[in-house]
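Coordinates in review
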Amino acid sequence: MRHLALAATTTLIATAAVADTPVLTVYAGDYFTSEWGPGPVIEAEFEKTCDCDLQFSTGDLLPRLLLEGQRTKADVVIGLTSDLTAKARATDLFAPHGQNNADLTLPITWTDDTFLPFNYGHTAFIYNETLMDTPPASFDALLAMPDDVKLVIQDPRTSISGLALVLWVQAVYGERAEEVWGQLAPKILTVTKDWSSSYGMFTDGEADMVLSYTTSPAYHMFAEEDFTKKAAIFPEGHYFMVETVAKIADTDQPELADAFMAFVMSEAFQTQIPTANWSLPSALPRDQWPDGWSQLPLPEKVLFFDEAQAAAVQEQAIEAWRSALTQ
Amino acid sequence: MAQRADAVTRRAGIIAAGLTVAVVLAACVGIATRAEPTAGLRAGDWSAIRFTVVQALLSAAFSVVLAVPLARALARRRFFGRDLLVIFLGVPFILPVIVAVIGLLAVFGRNGWLNHVLGLLGLPELSVYGLHGVVLAHVFFNLPLATRLLLQAWQAIPAERFRLVAQLGLSPRAVNRALEWPLLRQVLPGAFALIFVICLTSFAVALTLGGGPRSTTIELAIYQTFRYDFDLSRAALLSVVQLALAGGAALLALWIIPQIAVGGGLDRVARRWDARGGMQRIGDFGMILLGAGFLLMPLGAVVWRGLWGMGDLPASVWQASANSLFVAGLSVLLLLALALPMAGWIAMQKRGGIEAIGLLGLSASPLMIGTGWFILLNPVVDPVALALPVTALVNALMALPFALRILVPRMRDTAQQFGRLNAALGVRGWPLWRWVLVPRAAAQIGFAAGLTGALSMGDLGVIALFADPERATLPLEMYRLMGAYRMEAAAAAALLLLGLSLAIFWICDRGGRAYADV
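As the structure is a prediction and not an experimental result, all values here were calculated from the model. (Residues numbered from 1 in each chain as written. Chains lettered and ligands numbered in written order. Predicted model: local features only at pLDDT ≥ 70, side-chain atom pairs only at ≥ 80, totals over all residues. Heavy atoms only, no water.)

Our focus in this paragraph is the overall build of chain B. Helix and strand counts for chain B come out as 21 helices and one strand. The buried share among the 518 residues of chain B stands at 59%. Contacts in chain B between residues far apart in sequence, at least 24 positions, make up 85% of those at least 6 positions apart. As displayed, chain B has an accessible area near 20400 Å², and 68% of this comes from carbon and sulfur atoms. (Helix = DSSP H or I, 4+ residues; strand = E, 2+ residues; numbered from the N terminus. Buried < 20%, exposed > 50% of the residue type's maximum accessible area, 1.4 Å probe, protein only. Contact = heavy atoms within 4.5 Å. Areas by Shrake-Rupley, 256 points an atom, 1.4 Å probe, with all protein chains shown as cover.)

This is the structure we're talking about:
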């Protein structure tokens, strides 16, 4: 009996000790926390700097936040892209990030005081240079390619990269978007629900080009020593994609959340982005990128709709895509 | 003729059916509490509804029509490896969509085996993308189900009947009219309705192989409305349209199923004196070869590609496999708790209309059920903690109509054969289940449990909405691998998924049949 009482007391003490360690709950996208994603390293690095327990909770970020509303358990949300932040902002869940936007090294000026960029990339078509000897050198050249060159793209209504593509076409061609989609339609092999399925079809040789990011070849180069995958760079410019981190306003861990926002801007965090997230760090000068990364071909010109513009043209851009591809 | 349901069986059946309805209704209520009224359906939604119905009708028709000669060939031929072949032919049905698409593209894709062969022969390339691609994929998924349902029914014809028609010297055509056609009339409408409903709720395969937005299904529209517009009321409205279509089809099909008593037999393996002709033999084996090739080659492709990546599998897939096994086990238990009482109750009814309740879970959008329950649970408990049980419940609901289709005919026969005896001996309630219904339907119970377990293994379902890293299931882990560019490891995860789904199915199916043989 005494043993039992003793055991119970020990358990109570242990529970109390665990409860004393403050927990920072970070909502993140699914890919983020897998063992080969940036999550585990970021967790370990951040926990070194605080006496706390960082816990990731993954899922569909925006739908989940919209469902939970004020009841959300998140302290920090990481991974909303700028094309979604208008909807996220409308929830009134978020507080200013408190970091200095001037420290960012993005190719565009960032003025948002709520959503803080932590990485970026550009939408691009990826091809295999051993299978395609004359890749298109511009968006116009892509449109002029023979119809037996096949592309796989993603549905803008279900995937963020697909949404970026229709905004890209909108940014390059404006009013002509529907006509451009009409020219692209015969070259589109299929549309997938998400980026993963598309990219898998491309690596299986099912399509000649896939809609992905300018940083996709980096994975093949640095992780697989495969130098055949290239991004077609277009002088018209590439749509700019940025992922953000934001602090929940009525978090019960405000200091920890602030500390995390500052950590996102630190070198310890930023140096993880290229090789764990296979994208470009938002606050790290190019000369501090990992070996070889600064040689990665990147577009000169970036095209970007801020969240208000994106929200304004989204519906029209998706409708142009839908009606041209339904014919 | 049918035995009247006794009070215990009826009560349990009504409770199980009530629970099923309650789970779906509660999800609807959950959605309704958060939905704001909107303008209703859009122009695109109507074309989605049209496309959904057309592809589902075509898919169901092709699956059922092709299943008839395949099941007939399998029912009347005995050859080495037949049992194994029947098990393997069933595999496509339990394959996760993503794994199936990998396999189908490896065979029928632009860079697939078929086009390589056509290229060598100097023939033009075949494209798998478009409505025909969707139907091809759906036939790949559902031909095994239709074949298995028909095969079971075929084997339920007592061997004595075939002996009798042989003694009477009936021609194959007469045998067909006397024995086989009445049987088909009994089974085909149900199989057709079931496959129609399955194809109605398909979406990832329809988008990928359909070629683009013209292949939008209602379920995809629900997903898009939820994910992109976050318009819960339009999502709910689309869910209702889907429920009405599926439910309507189910009711219609169930009402036209005639009641045919097969009668008592001695369960001997049927010898087919009527099918000894040489042409019949060649036709049967040709059909079996074609069916096996169509269904097994994509599986072979999955195995072949997966083997290369086995060395790259990360440790986390084992945790994910354990989670998936937990979900599968739990959903089998939930399924049996719902399906057995319902099947017993339905079997003792004159008409099978109540079986339509079983289709509720399948025709309701899993995303809608998951979201509705998330809304309901969120104020009370952390929904993340319940992510795996909720997934198991949704899976059990989706498997319920299959289970009923499999269990009810057998239980109905049992009730008819043993009804008077039971009544005379006063066997009812629990002893009726223990001594009569379960042993007589053990093979069917094992089959239903195996299907449920395997289907839940591969379901991505609601887990993608809210899952913390430790609760990832194997399909989700596979998506994560793909998302991290690890395509070879993802192919290996697909093979693991295939292996585990098959193992669960095999264990349950075998277990049931072993028990039945005793």
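Attention now goes to the overall build of chain A. Summing up its helical and strand segments, chain A has 13 helices and twelve strands in all. A compact globule built from 327 residues should have a C-alpha radius of gyration of about 20 Å, and chain A, at 22 Å, falls within 12% of that. Across the 327 residues of chain A, 60% fall into the buried class. Partitioning the contacts of chain A with sequence separation of at least 6, the portion at a separation of at least 24 is 75%. (Rg over C-alpha atoms; globule rule 2.2 N^0.38 Å.)

Here we come to the interface of chain A and chain B. Each side of the interface is counted separately: chain A has 55 residues, and chain B has 56 residues. Carbon and sulfur atoms supply 56% of the area that chain A and chain B bury against each other, a total of about 4900 Å² over both sides. Linking chain A to chain B there are two salt bridges. One salt bridge in this structure joins Asp204 of chain A and Arg305 of chain B, with 2.8 Å as the shortest N-O distance. At the junction of chain A with chain B, the criterion picks out 14 residue pairs in polar contact (both at pLDDT 80 or more). For the side of chain A that touches chain B, the elements supplying multiple residues, two or more each, are strand E2 (53-59), helix H3 (61-68), strand E7 (188-192), helix H8 (195-203), helix H9 (216-224) and helix H13 (307-326) of chain A. For the side of chain A that touches chain B, the element with the most residues is H8 of chain A, which contributes seven residues. Taken together, the residues that form the side of chain A that touches chain B break down as 18 nonpolar, 19 polar and 18 charged. (Buried area = accessible area lost by both parts, 1.4 Å probe. Salt bridge = Lys/Arg side-chain N within 4 Å of Asp/Glu carboxyl O. Polar contact = N/O pair within 3.5 Å; in protein donor to acceptor, adjacent residues only side chain to side chain. Nonpolar A, V, L, I, M, F, W, Y, C, P; charged D, E, K, R; others polar.)

Attention now goes to the pattern of salt bridges. Residues and elements named next belong to chain B. Going through the model one piece at a time under the given rule, you end up with 20 salt bridges over all chains. The partner of Arg234 in a salt bridge is Asp45, and the shortest N-O contact between them spans 3.1 Å. Remark: Asp45 occurs in helix H2 (residues 43-76) and Arg234 occurs in helix H12 (residues 232-255); sequence separation between them is 189 residues. In terms of burial, Arg234 and Asp45 fall into one category: buried. Measuring nitrogen to oxygen at the nearest pair gives 3.4 Å for the salt bridge that ties Arg480 to Glu477. Residue Arg480 and its partner Glu477 are both found in helix H20 (residues 474-483); the two are separated by three residues, about one turn of the helix.

The next subject is the environment of Leu149 of chain B. With respect to the helices and strands, Leu149 of chain B occurs in helix H7 (residues 131-155). Not counting the four nearest positions on each side in its chain, Leu149 of chain B is found in contact with Val187, Ala191, Leu194, Arg405 and Ile406 of chain B.

Right, let's talk about the confidence of the model for chain B for a bit. Residues and elements named next belong to chain B. Of the residues in chain B, 89% have a pLDDT of 70 or more, and the chain-wide mean is 81. In this model residues 257-268 is a low-confidence stretch, pLDDT under 50, and it forms 32 contacts with partners more than four residues away in sequence or in other chains. Interface confidence for the predicted complex, expressed as ipTM, amounts to 0.83; the pTM equals 0.86. (pLDDT = per-residue confidence, 0-100.)

Residue and element names in this part refer to chain A. For the coordinates displayed, the defined rule picks out one disulfide over all chains. Paired by a disulfide, Cys50 and Cys52 hold their sulfur atoms 1.9 Å apart. Its S-S torsion of about -60° marks the bond between Cys50 and Cys52 as left-handed, since a negative value means left-handed. The exposure classification of Cys50 matches that of Cys52, with both residues buried. (Disulfide = S-S within 2.5 Å.)

Residue and element names in this part refer to chain B. Position of Ala153 among the secondary structure elements: in helix H7. In this structure the C-alpha to C-alpha distance between Ala153 and Leu207, which are 54 residues apart in sequence, comes to 34 Å. With residues up to four places along the chain from it excluded, the contact list for Ala153 reads Leu183 and Val187.

Next up on the list: the nonpolar core. By size, the foremost hydrophobic cluster in this structure holds 267 residues, and its most contacted members are Phe94, Phe125, Phe139, Trp181 and Phe260 of chain A. The dominant element in this core, judged by the number of residues it contributes, is helix H17 (residues 387-425) of chain B, at 15 residues. Here Phe94 of chain A is in contact with Leu65, Val77, Leu80, Ala88, Thr114, Phe115, Ala246, Lys247, Ile248 and Ala249 of chain A, once residues within four sequence places are set aside. Ranked by size, the runner-up nonpolar core spans seven residues in total, among them Ile49, Ala235, Leu238 and Val241 of chain B. (Core = buried A, V, L, I, M, F, W, Y, C linked by side-chain atoms within 4.5 Å.)

Turning our attention to H13 of chain A. All names here are of chain A. The end-to-end C-alpha separation of H13 is 28 Å, in line with the 28 Å expected for 20 residues at 1.5 Å each. The largest bend in H13 comes to about 45°, at Val313. Within the span of H13, buried status applies to Glu307, Ala310, Val313, Gln314, Ala317, Ile318, Ala320, Trp321, Arg322, Ser323, Ala324 and Leu325. (Expected span 1.5 Å × (residues − 1). Bend = angle between axes of the 7 residues up to and from the residue.)

A few words on the side chain of Thr216 of chain B. Position of Thr216 of chain B among the secondary structure elements: in the loop between helix H10 (204-210) and helix H11 (218-229). A polar contact is formed between the side chain of Thr216 of chain B and the backbone oxygen of Pro213 of chain B, at a distance of 2.6 Å. In this structure Thr216 of chain B touches Arg157 of chain A together with Ala48, Phe51, Thr52, Ala221 and Gln224 of chain B, once residues within four positions along its chain are discounted.

A few words now on the pairing of strand E6 (residues 151-154) of chain A. Residues and elements named next belong to chain A. The side-chain alternation of E6 yields two buried faces, one formed by Leu151 and Ile153 and the other by Val152 and Gln154. Two strands pair when backbone bridges link them, and E6 and E7 are joined in this way by four bridges, in the parallel orientation. Within E7, the residue paired with Gln154 across the bridge is Thr192. The pairing of E6 with strand E8 (residues 209-213) spans two bridges and is classified as parallel. Note that in E8 the partner of Val152 across the bridge is Val210. (Pairing = 2+ DSSP bridges.)

Any aromatic ring pair is given by two values, namely how distant the centres are and how the planes are angled relative to each other. Overall, the coordinates contain 34 aromatic pairs over all chains when judged by the stated rule. Plain terms: the ring middles of Phe140 of chain B and Phe294 of chain B are 6.1 Å apart, the flat faces sit at 85° to each other, and that makes the pair edge-to-face. Note that Phe140 of chain B is positioned in helix H7 and Phe294 of chain B in helix H13 (residues 278-309), a separation of 154 residues in sequence. When sorted by exposure, Phe140 of chain B lands in the same class as Phe294 of chain B, which is buried. Grouping aromatic residues by their ring pairs yields a cluster made of Trp195, Tyr199, Phe202, Tyr219, Phe222, Trp278 and Trp293 of chain A together with Tyr485 of chain B. Stacked on the ring of Tyr27 of chain A, the Lys or Arg Arg64 of chain A has its end atom at 3.9 Å from the ring centre. (Phe/Tyr/Trp six-rings, centres within 6.5 Å; stacked < 30°, edge-to-face > 60°. Lys NZ or Arg CZ within 6 Å of the ring centre and 35° of its normal.)

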